[in-house]
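# Examination of the molecular architecture
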Amino acid sequence: MLDQVQGFVLSITPIFTCLYLASLGNSIVEKSGILNLAIDGAYTLGTAMAFIAVASVRNPTLALIITSFLIGLLGILIAFLTTKLPISHGAVGLSTQFVGYGLASFLAYPVSIKVRNEGVPLNTYLPVTEVVLSYLIISLLIGVITHVLMYRSRLGVAIRAVGENPAVASSLGTNVLGVRVIAAFMGYILIGVASSLYILLYTKNWQEGAGMGYGWISFAISISAGRHPLVGMVTSLIFASLIRYAYVLQDILISYGINVSNYAVIAMPFIAAIIIPLTASVIPQMRRRFTPPKHLGKIFFSEERSV
Amino acid sequence: MTSEVFFPSNKSTQAQTPVVSVCGLWKSFPGVTALRDVNLDVYAGEIHAILGENGAGKSTLVKTLYGVYVPDKGDITINGVKAVITSPLDAMRRGLVLVSQVPQLIDTLTVAENLALSLRQFSLMSSVKSVEKFLLDKEEEYGIRINPNTEVWKLSYTQKQLVEVLRALLLNATLVAFDEATTLLPSSEKRKLYDFIRLFRLKGGAVLLITHKIPEAMEISDRVTVLRKGEVVGSFKVGEVSIDQIRLMMFGERFTQPSSTGNSERCVEGREAIVIKDLWVRGDYGTYAVKGVSLTVHRGEILGIAGVAGNGQLELVQSLAGLRRVEKGNVILHVKDGNVEVTNKGPAVIRDLGVGYIPDEPIKTGISIDNTIEENLAIHPKLSSFLINWRAVKDLASSLISKYNVTTPSTTARVKILSGGNLMKILIARELMVAKNVLLAYNPTRSLDEVSAHYVRRLIRDKALNEGMSAVVVSEDLDEVMEVGDKIAVINSGRLVGFFRRGVDRGEIERVMVT
Ligand SMILES: Nc1ncnc2c1ncn2[C@@H]1O[C@H](COP(=O)(O)OP(=O)(O)O)[C@@H](O)[C@H]1O
Ligand SMILES: [Mg+2]
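Quantities reported herein were computed from a predicted structural model and do not represent experimental measurements.

## A short note on the overall build of chain B
- What chain B contains, in helices and strands, is 17 helices and 20 strands.
- Radius of gyration (C-alpha) of chain B: 24 Å, near the 24 Å computed for a compact globule of 515 residues.
- Based on the C-alpha atoms only, the size of chain B along its principal axes is roughly 70 × 50 × 45 Å.
- Across the 515 residues in chain B, those meeting the buried criterion constitute 59%.
- Counting contacts in chain B only where the partners sit at least 6 residues apart, residues at least 24 apart contribute 69% of the total.
- Surface accessibility of chain B: about 21,200 Å² in total, with carbon and sulfur atoms responsible for 52%.
- Between the mean site of the 63 positive side-chain charges and the mean site of the 59 negative ones, chain B shows a separation of 2 Å.

Following this line, the structure appears as structure tokens:
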């Protein structure tokens, strides 16, 4: 029994951390009112950078730190563009996504050739219990810290305020750009950590398109958790299990004579993304929590009439 | 009130250098010049009223002082030192605070969280709990009782304004600008706020006061500056000029003696138009907000409903308009082709019977501020069909703009660039036009200047008199109810507690409003 639990935890943790931390990052970014459509591009770019970094510095933790910092800088850029310029969040997000996809291949592909041809060793994390468990504990801890930060500290209040109504937040004395820059930096660092772990703890190698789609899954997790750090733990667990055990589940169903196609299996996490918030919205107290920030994705003009 | 602690000490009794001085200030927005070469000196220990019609530039002036707008040209001097105010944060640091008519608070956050955004003594990492504790202590000191842990959306309007005042106090402001902040307060609360303002002056604070209520302004202020179309047309010590001279400066040719809406009592015989029987409606929290209201309005008659905000009047009007479920009781409209039961029929059916509706908080529920004036007219199903005849809409828009004297660059201006009063006029113009049989209104003139407000009330009365429209006009402003209503009902805790005829003594109404 204990062995089974341990086995489950060990097998689910890598995918759990690389979804949960990114969803956490997404929640912080979106709470500040930035529509985070760049997430999948950032995630894909992050996996590529982690791969390049670990191939050159040969130390997984150092690679993770470098990658997260660089992805964090990308977050700052996005915060600046969406807050200071009158361009739509959608345009900024989606173009950043495609730049991210492109850069990821462009930068990592030559390195992957080199790694293969020259037999460069990839010092990713060892799949030993201590390492895996410590990453589980670290990510849960980060989740709790984020929760405290968002709901108990003045910084968290400022982040939520600029997402709800930047004009009013500014009139109360908040520096909208400053707060969004901080939020996006923190959020993108987490996305950077998650995408690094994708390479360093989960797949252990890079190939064309690595990480692509996982940004969107994290996005879905974050939203289906109402962008709440603690609820996100539960939804991440559901998504991680569905991804990790999808085919096991398919086999079980087939053995009972229920035939499910592969597509249905792939779609399962996304169906969960719809069902979870629907269920939550039945509970009135939850519904309030689940509503998106009022100004999410809206352009902020500081001289706009707020009447 | 224990005042010593929190008011700025009486530093400069001679008041030689102005606390704030504005020199040659210009500000324009696309299509309008909101401020032209404005000069203004505000001294410590003075209440300085800024008067002007809707769109005169009053809000623009104080928002510029508060760092919301950057002036195009001109200087602002604070205590003799030239200052470039770059943001509200910057203004607050320099001791300038703005309190507006629409509370600038974030609804989903608690009181403590909102104030935490302003209080610089707390660092970004300090906990909300510590702010809560600080507030509890301070509230004790100031005699303001609002639980800092309540989310703002749960507060009444008065409470929200008190939070704004508390904010000004906690920031140790040297100058507080009140931009129509008292307009919507019930008179008892308003008096309290004026008391606070006087005390603030006594302790050497400077106040900029913007209000539509000219007599009120004259009563409380020391100095008056009049703005007209963005220009200062006069600045006087109170007492140097008469109220009528000031009105003339404010409104120019528009000002003709503020005609009381004329015709005193008139006898409305006609048949019944609106019959409400034992109406029960729930409020936002699920408890009953309207508890068994019954009333009848005749054809061509105007019923004014007075009451302190939050006593069920909002829910009553919303249920009549089909926007809130009626739990029990019924509403019957008598229109030309007979009686129609409209209880819970939904707004589409009700509006189709020739019902106009001027909602509370028009910006949220009455008008789409991101759309143009034309679009806001064309959206109304009564004013256009599936395909829109834009030329007709444009003509309609132009005629309404000139009829109601709306200040706007064009008929295709987005509504959000209009000043609050002009925006309200667009809504009123549209709704009066569609109100063939019935008009439902909540604070219909809440942000209009004196002349515009009288004008709108007269339009409502004229339409009732000449076209037989019936109206239910709810207002938190008792003067309005008295001016517009043929009969007046008072609502208190969801029940009608008094009925009066037009011309009744104000004191009698106030007595039943607050018991
Ligand atoms: N943010 C803004 N954008 C565009 N136009 C504005 C803005 N704020 C005010 N205006 C315009 O400037 C003029 C003055 O408005 P305002 O200062 O709000 O008037 P008041 O407060 O005296 O009623 C109006 O014509 C209004 O339409
Ligand atoms: Mg104004």
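## Looking at the pattern of salt bridges
All names here are of chain B.
- On inspection of all chains with the given rule, the structure shows 30 salt bridges over all chains.
- Between Glu53 and Arg228 there is a salt bridge, with the nearest N and O atoms lying 2.9 Å from each other. Of this pair, Glu53 sits in the loop between strand 3 (47-51) and helix 1 (58-65) while Arg228 sits in strand 9 (residues 223-228), and the two are 175 residues apart along the sequence.
- Under the relative-accessibility criterion, Glu53 is labelled buried at 8%.
- Using a relative accessible area of 15% as the deciding quantity, one classes Arg228 as buried.
- Lys82 is paired through a salt bridge with Asp75; the nearest N and O atoms lie 3.5 Å apart.
- In the salt-bridge network here, residues are joined through shared partners; they are Lys213, Asp477, Asp479, Arg506 and Glu510.

## Digging into unusual backbone geometry
- A positive phi angle is found at A:Arg58, which is not glycine, with a value near 60°.
- For A:Arg58, the position within the fold is in the loop between helix 2 (39-57) and helix 3 (60-84).
- With relative accessibility at 40%, the residue A:Arg58 sits in the partly exposed group.
- Phi is positive for B:Asp278, which is not a glycine, with a value near 45°.
- If you trace the backbone, B:Asp278 turns up in strand 11 (residues 272-282).

## Comments concerning the nonpolar core
- Residues A:Tyr188, A:Leu197, A:Phe239, B:Val20, B:Phe178, B:Ile197 and B:Leu208 are the most contacted members of the largest nonpolar core, which totals 157 residues.
- Filtering out sequence-adjacent residues up to four positions away, B:Leu208 remains in contact with B:Leu40, B:Val42, B:His48, B:Ile50, B:Val62, B:Leu65, B:Leu175, B:Val176, B:Ala177 and B:Phe178.

## Some words on the layout of surface pockets
- Size it by volume and the second largest pocket reaches roughly 820 Å³.
- Around the second largest pocket sit 28 residues that line it, and A:Tyr151, A:Arg160, A:Arg289, B:Thr108 and B:Glu151 are the ones nearest its centre.
- For the lining of the second largest pocket, the secondary-structure elements that each account for two or more residues are helix 5 (129-152), helix 6 (154-164) and helix 12 (284-290) of chain A together with helix 4 (128-142) of chain B.
- The leading source of residues in the lining of the second largest pocket is helix 12 of chain A, at four residues.

## Regarding empty space enclosed by the protein
Residues and elements named next belong to chain B.
- This structure, assessed with the given rule, holds five cavities of 30 Å³ or more.
- Each pocket or cavity is described by its volume, and for the largest cavity that value is around 70 Å³.
- In this structure, the largest cavity is lined by Arg271, Ala273, Arg299, His334, Lys336, Lys436, Asn437, Gly468 and Ser470.
- In terms of residue class, the lining of the largest cavity is built from one nonpolar, four polar and four charged.

## Quick notes on the interface of chain A and chain B
- If you look at the interface, chain A gives 28 residues, while chain B gives 38 residues.
- Summed over the shared surface of chain A and chain B, the result is one salt bridge.
- Ionic pairing is found between B:Glu113 and A:Arg160, a salt bridge with its closest N-O pair at 2.8 Å.
- On inspection of chain A and its partner chain B, the count reaches 10 residue pairs in polar contact (both at pLDDT 80 or more).
- For the side of chain A that touches chain B, the secondary structure elements donating two or more residues are helix 5, helix 6 and helix 7 (166-171) of chain A.

## Examining the packing of helix 5 of chain A against helix 6 of chain A
Residues and elements named next belong to chain A.
- Axis separation between helix 5 and helix 6 bottoms out at 5 Å; the angle between their running directions is 70°. With respect to their mutual orientation, helix 5 and helix 6 come out roughly perpendicular. Packed against helix 5, whose contacting residues are Leu149, Met150, Tyr151 and Arg152, the element helix 6 presents Arg154, Leu155, Gly156, Val157, Ile159 and Arg160 at the interface.
- Across the contact of helix 5 with helix 6, the residue classes tally to six nonpolar, one polar and three charged.

Conventions we followed
- Residues numbered from 1 in each chain as written.
- Chains lettered and ligands numbered in written order.
- Predicted model: local features only at pLDDT ≥ 70, side-chain atom pairs only at ≥ 80, totals over all residues.
- Heavy atoms only, no water.
- Helix = DSSP H or I, 4+ residues; strand = E, 2+ residues; numbered from the N terminus.
- Rg over C-alpha atoms; globule rule 2.2 N^0.38 Å.
- Buried < 20%, exposed > 50% of the residue type's maximum accessible area, 1.4 Å probe, protein only.
- Contact = heavy atoms within 4.5 Å.
- Areas by Shrake-Rupley, 256 points an atom, 1.4 Å probe, with all protein chains shown as cover.
- Lys, Arg positive; Asp, Glu negative; His and termini not counted.
- Charge placed at Lys NZ, Arg CZ, Asp CG, Glu CD.
- Salt bridge = Lys/Arg side-chain N within 4 Å of Asp/Glu carboxyl O.
- Core = buried A, V, L, I, M, F, W, Y, C linked by side-chain atoms within 4.5 Å.
- 1 Å grid on protein atoms, 1.4 Å probe; cavity = no way out; pocket = protein on both sides within 12 Å on 5 of 7 lines; lining within 4 Å.
- Points joined across faces, edges and corners; volume = space filled by probe spheres on them.
- Nonpolar A, V, L, I, M, F, W, Y, C, P; charged D, E, K, R; others polar.
- Polar contact = N/O pair within 3.5 Å; in protein donor to acceptor, adjacent residues only side chain to side chain.
- Axes fitted to C-alpha atoms, helices over the stretch in contact; angles between N-to-C directions.
- Parallel < 35°, antiparallel > 145°, perpendicular 65-115°, else oblique.

Taken by themselves, the reported measurements are silent on function.
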